Amino acid sequence: MQPLIYYMTSDQLTYLVFGIVIVLALAFDLGLLSKKNTHITLRKALLQTIFWVTLALGFFGFMWVEEGRTVALEYLSAYLMEWSLSIDNIFVFILIFNFFGVKDRFYARVLLIGILMAIVFRVIFITIGIELVERFSWLLYVFGGILVYTGFKMFTAKHDDEVNLQENRVYKMLKKFLPLTPQDGDGKWTMRIDGKKYYTSLFVVVIMLATTDIIFAVDSIPAVFAISQNHLVIYTSNIFAVLGLRSLFFLLKGAINKFGHLQQGIAFVLIFIGAKMLVTFFDIHVPILISLLVIVMSVTLSIVYSISVARKETAEETIEEHSPDKDLH
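Residues numbered from 1 in each chain as written. Predicted model: local features only at pLDDT ≥ 70, side-chain atom pairs only at ≥ 80, totals over all residues. Heavy atoms only, no water.

**Observations concerning the overall build of the chain**
Reasoning step 1: Each helix and strand in the chain was counted, giving eleven helices and two strands.
Reasoning step 2: Secondary structure elements of the chain, listed N to C terminal, follow the sequence α-α-α-α-α-α-β-β-α-α-α-α-α.
Reasoning step 3: Counting across all 329 residues of the chain, residues that qualify as buried make up 46%.
Reasoning step 4: Pairs at least 24 apart in sequence give 78% of the contacts found in the chain among residues at least 6 apart.
Reasoning step 5: For the chain, the accessible surface area stands at approximately 17900 Å², while carbon and sulfur atoms represent 65% of it. (Helix = DSSP H or I, 4+ residues; strand = E, 2+ residues; numbered from the N terminus. Buried < 20%, exposed > 50% of the residue type's maximum accessible area, 1.4 Å probe, protein only. Contact = heavy atoms within 4.5 Å. Areas by Shrake-Rupley, 256 points an atom, 1.4 Å probe, with all protein chains shown as cover.)

Set out below in structure tokens:
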């Protein structure tokens, strides 16, 4: 009698391997690399980031063997694009944590639950998106227009614009319908005050993390459709990118100011991907390898430029601090 794997299609086998890899990776990450209510050091965050990126790239190699060159390159392009877009998520995550005064020892657990919720929402949105695109193919052009518009808007936006979380719609809705307390309940989601049940600040943070990712998914999911309509590529690239958010958060939370121009690089990627989707109307198809190169070059150059500008500004500030006052009058 032949084993069950023998009767599986290539896609089914890839999904099976993907599921097993994700479950084992999460168990390893949570069991060995992370411990409840502990501070995540920069070194541990770097190791976890390398772990998730290596895992995603290893899966790329598996897809190359199992699914072929084209599908593998589509996956890699989609993953890199989603990964770069997720950096924008992290800037907002940091604002949320600072606004609610979350203690360092709760960061890892809150992020994990928020990100797992975000994955569930993404799977739902992707499934709906796939169904809509298969029924109404013209929606791809709508997605393309949204990406071009978003890209131009992001390119001209100021990175240091203040975000007023007091006016956040989700936060206002939670305050309206649920009894909230500014206390963190020592890591609990609810606590009782004078016999009444209240939802803690950590509960609010988890909900805001998940819903914030939904807002970003409005851009990222259409963008992945521009790269590939392969269901396997869309699901796996998104999930791998989102799972790497937690370690990336700890890696970048102390260096926000060093990535001031990354936004422009991501914006250019969105404009390119949106335009790539729109020109298919004229039967113009951009090769996937070109898309991959544009994504890598745009993000890499914007990061390098951001770091060089940040270093220059730091050097100038240091010189100004140590220079004598030239105005003698």
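**Quick look at the pattern of salt bridges**
Reasoning step 1: Following the criterion strictly, the structure yields four salt bridges and no others.
Reasoning step 2: Note that Arg-122 is salt-bridged to Glu-82, the shortest N-O span being 3.3 Å. In this pair, Arg-122 is assigned in helix 4 (residues 104–135) and Glu-82 in helix 3 (residues 69–100), connecting sequence segments 40 residues apart. For the pair formed by Arg-122 and Glu-82, the shared burial category is buried.
Reasoning step 3: A salt bridge links Lys-103 to Asp-184; the nearest nitrogen and oxygen atoms lie 3.4 Å apart. A residue pair is termed long-range when its members are at least 10 positions apart, and Lys-103 in the loop between helix 3 and helix 4 and Asp-184 in the loop between helix 6 (169–177) and strand 1 (190–193) qualify at 81 residues.
Reasoning step 4: With a relative accessible area of 39%, Lys-103 lands in the partly exposed category. (Salt bridge = Lys/Arg side-chain N within 4 Å of Asp/Glu carboxyl O.)

**Side note on the packing of aromatic side chains**
Reasoning step 1: Applying the stated criterion across every chain yields a total of 22 aromatic pairs.
Reasoning step 2: The interplanar angle of 45° and the centroid separation of 5.1 Å between the aromatic rings of Phe-97 and Phe-249 together place this pair among those described as tilted. Taken together, the residues span a long stretch of sequence, with Phe-97 in helix 3 and Phe-249 in helix 9 (residues 245–252) at a distance of 152 residues.
Reasoning step 3: Owing to a relative accessible area of 1%, Phe-249 belongs among the buried residues under this scheme.
Reasoning step 4: Taking the centre distance of 4.7 Å and the plane angle of 40° together, the rings of Tyr-199 and Phe-203 count as tilted. (Phe/Tyr/Trp six-rings, centres within 6.5 Å; stacked < 30°, edge-to-face > 60°.)

**Remarks on the pairing of strand 2 (residues 196–199)**
Reasoning step 1: Where strand 1 and strand 2 come together, four bridges link them in antiparallel fashion. Counted as the bridge partner of Ile-193 is Lys-196 from strand 2.
Reasoning step 2: In sequence, strand 1 turns back onto strand 2 through a hairpin of two residues, with Asp-194 there showing a positive phi of about 55°. (Pairing = 2+ DSSP bridges.)

**Things to note about the nonpolar core**
Reasoning step 1: By size, the foremost hydrophobic cluster in this structure holds 90 residues, and its most contacted members are Tyr-75, Met-81, Phe-97, Phe-225, Phe-249 and Ile-273.
Reasoning step 2: Per-element accounting of this core gives the leading share, 17 residues, to helix 3.
Reasoning step 3: When near neighbours in sequence (up to four residues on either side) are disregarded, Phe-97 contacts Val-102, Tyr-107, Val-110, Leu-111, Val-205, Leu-209 and Phe-249. (Core = buried A, V, L, I, M, F, W, Y, C linked by side-chain atoms within 4.5 Å.)

**Re the side chain of Thr-14**
Reasoning step 1: Of note, Thr-14 is situated in helix 1 (residues 10–33).
Reasoning step 2: With residues near it in sequence (within four places) discarded, Thr-14 still touches Phe-59, Phe-62, Met-63, Glu-66, Glu-67 and Leu-232.

**A few points about helix 9**
Reasoning step 1: Counted residue by residue, helix 9 has seven buried out of eight residues, so it is predominantly covered.
Reasoning step 2: Buried within helix 9 are the following residues: Leu-245, Arg-246, Ser-247, Leu-248, Phe-249, Phe-250 and Leu-252.

**Focus: the packing of helix 3 against helix 8 (residues 231–243)**
Reasoning step 1: The contact between helix 3 and helix 8 brings their axes to 8 Å, and the two run at 35°. Both helix 3 and helix 8 take part in a crossing whose hand is right-handed. Facing Val-71, Glu-74, Tyr-75, Ala-78, Tyr-79, Glu-82 and Trp-83 of helix 3, the residues of helix 8 in contact are Val-233, Thr-236, Ser-237, Asn-238, Phe-240 and Ala-241.
Reasoning step 2: Looking at the contact of helix 3 with helix 8 residue by residue, the class counts come to eight nonpolar, three polar and two charged. (Axes fitted to C-alpha atoms, helices over the stretch in contact; angles between N-to-C directions. Left-handed = near helix turned anticlockwise from the far one by under 90°. Nonpolar A, V, L, I, M, F, W, Y, C, P; charged D, E, K, R; others polar.)

**Points about the packing of helix 7 (residues 201–227) against helix 8**
Reasoning step 1: Look at helix 7 against helix 8: their axes get within 10 Å of each other, and the N-to-C directions meet at 140°. Between helix 7 and helix 8, the interaxial angle falls into the category oblique. Our pair here, helix 7 against helix 8, has a crossing hand that is right-handed. Residues Ser-220, Ile-221, Val-224 and Phe-225 of helix 7 form the contact with helix 8, whose participating residues are Ile-234, Ser-237 and Asn-238. (Parallel < 35°, antiparallel > 145°, perpendicular 65-115°, else oblique.)

**Brief notes about unusual backbone geometry**
The general pattern is negative phi for most residues beyond glycine and trans for most peptide bonds.
Reasoning step 1: Phi angles above zero are rare outside glycine, and Asp-194 is one such case at about 55°.
Reasoning step 2: Within the chain, Asp-283 stands out as a residue other than glycine whose phi angle is a positive 60°.
Reasoning step 3: Here Asp-283 shows up in the loop between helix 10 (262–278) and helix 11 (288–322).

**Digging into helix 7**
Reasoning step 1: In this model, helix 7 (27 residues) spans 39 Å end to end at C-alpha, consistent with the 39 Å of a helix rising 1.5 Å per residue.
Reasoning step 2: Where helix 7 bends most, the angle comes to about 45°, and this point is Ala-217.
Reasoning step 3: A large share of helix 7 lies buried, amounting to 22 of its 27 residues. (Expected span 1.5 Å × (residues − 1). Bend = angle between axes of the 7 residues up to and from the residue.)

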